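The primary structure of each chain is shown beneath.
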Amino acid sequence: VQLVESGGGLVEAGGSLRLSCAASGRIFSSYVMAWFRQAPGKEREIVAAISGSGGSTYYRVSVKGRFTISRDNAKNTVYLQMNSLKPEDTAVYYCAADSTGPTIQARAYAYDYWGQGTQVTVSS
């Protein structure tokens, strides 16, 4: 499975960005997909995750109400819509896939495929 992220960039505080992650593989719909982020000097942390069907989602507390994860299984793509961005959201954002599913896992070690990351920078 290959994951390719896009959509990162520089935005002012309060602005929005939409990240996309395109995945290869014929059984994409069976994978739990997640977005993680890692800021300089900090550990990688989960931002949001979505079940294979899209029926279940998980968000870290600090992004609830601002970020929305979604997926289009017909396009093998998962999205992260980020609104009301804050400087503390600045990080490299990674797309990840858990092929063992179906339960959503919050720990990075549960995910066996990773994208290369895309930089999100929010200026104050």
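This text goes with the structure placed above it.
The rules behind the values
- Residues numbered from 1 in each chain as written.
- Predicted model: local features only at pLDDT ≥ 70, side-chain atom pairs only at ≥ 80, totals over all residues.
- Heavy atoms only, no water.
- Helix = DSSP H or I, 4+ residues; strand = E, 2+ residues; numbered from the N terminus.
- Contact = heavy atoms within 4.5 Å.
- Salt bridge = Lys/Arg side-chain N within 4 Å of Asp/Glu carboxyl O.
- Buried < 20%, exposed > 50% of the residue type's maximum accessible area, 1.4 Å probe, protein only.
- Pairing = 2+ DSSP bridges.
- Axes fitted to C-alpha atoms, helices over the stretch in contact; angles between N-to-C directions.
- Core = buried A, V, L, I, M, F, W, Y, C linked by side-chain atoms within 4.5 Å.

Trainee: For the environment of alanine 108, give the residues involved together with the corresponding values.
Mentor: With respect to the helices and strands, the residue alanine 108 is situated in the loop between strand E9 (91–98) and strand E10 (113–114). Linking alanine 108 and glutamine 81, residues 27 residues apart in sequence, is a C-alpha distance of 21 Å. When near neighbours in sequence (up to four residues on either side) are disregarded, alanine 108 contacts Phe36 and Trp114.

Trainee: Lay out the pattern of salt bridges with the relevant residues and their values.
Mentor: Applying the stated criterion across every chain, the model contains four salt bridges. For aspartate 89, the salt bridge goes to arginine 66, with nearest N and O atoms at 2.8 Å. You can see aspartate 89 sitting in the loop between strand E8 (77–82) and E9 and its partner arginine 66 sitting in the loop between strand E6 (57–59) and strand E7 (67–72), a full 23 residues away along the chain. Here the two residues aspartate 89 and arginine 66 agree in accessibility, since each one is buried. Through salt bridges with shared partners, a single ionic network connects Arg37, Glu45, Arg60, Arg66 and Asp89.

Trainee: Let's hear about the sheet that holds E7: which residues, and what values?
Mentor: Spatially, E1-E3-E8-E7 is the arrangement adopted by the four strands of the open sheet, whose pairing is antiparallel. Looking along the sheet, the strands with just one partner apiece sit at the ends: strand E1 (3–6) and E7. Sheet twist, expressed as the average angle between the axes of neighbouring strands with direction ignored, equals 15°. Looking at chain direction, E1 and strand E3 (residues 17–23) are connected through four bridges and run antiparallel. Residue pairing across strands places glutamate 5 opposite cysteine 21, the latter belonging to E3.

Trainee: Could you give an account of the nonpolar core, with specific residues and numbers?
Mentor: Of all hydrophobic cores here, the largest spans 28 residues; its most connected members are Met33, Trp35, Leu80, Met82 and Tyr93. If we skip the residues at most four places from it in the chain, tyrosine 93 touches Glu5, Leu19, Trp35, Phe36, Arg37, Val47, Phe67, Leu80, Met82, Gly117, Thr118 and Val120. In terms of nonpolar packing, the next biggest core, distinct from the first, is built from eight residues, Ala34, Phe36, Ala96 and Tyr111 among them.

Trainee: Pulling in residues and values, what's your account of the pairing of E8?
Mentor: Judged by how many residues are buried, E8 sits mostly within the fold: five of six residues are covered. Pairing of E3 with E8 involves six bridges; the strand directions are antiparallel. Within E8, the position partnered with arginine 18 by the bridge is glutamine 81. Pairing between E7 and E8: six bridges, direction antiparallel.

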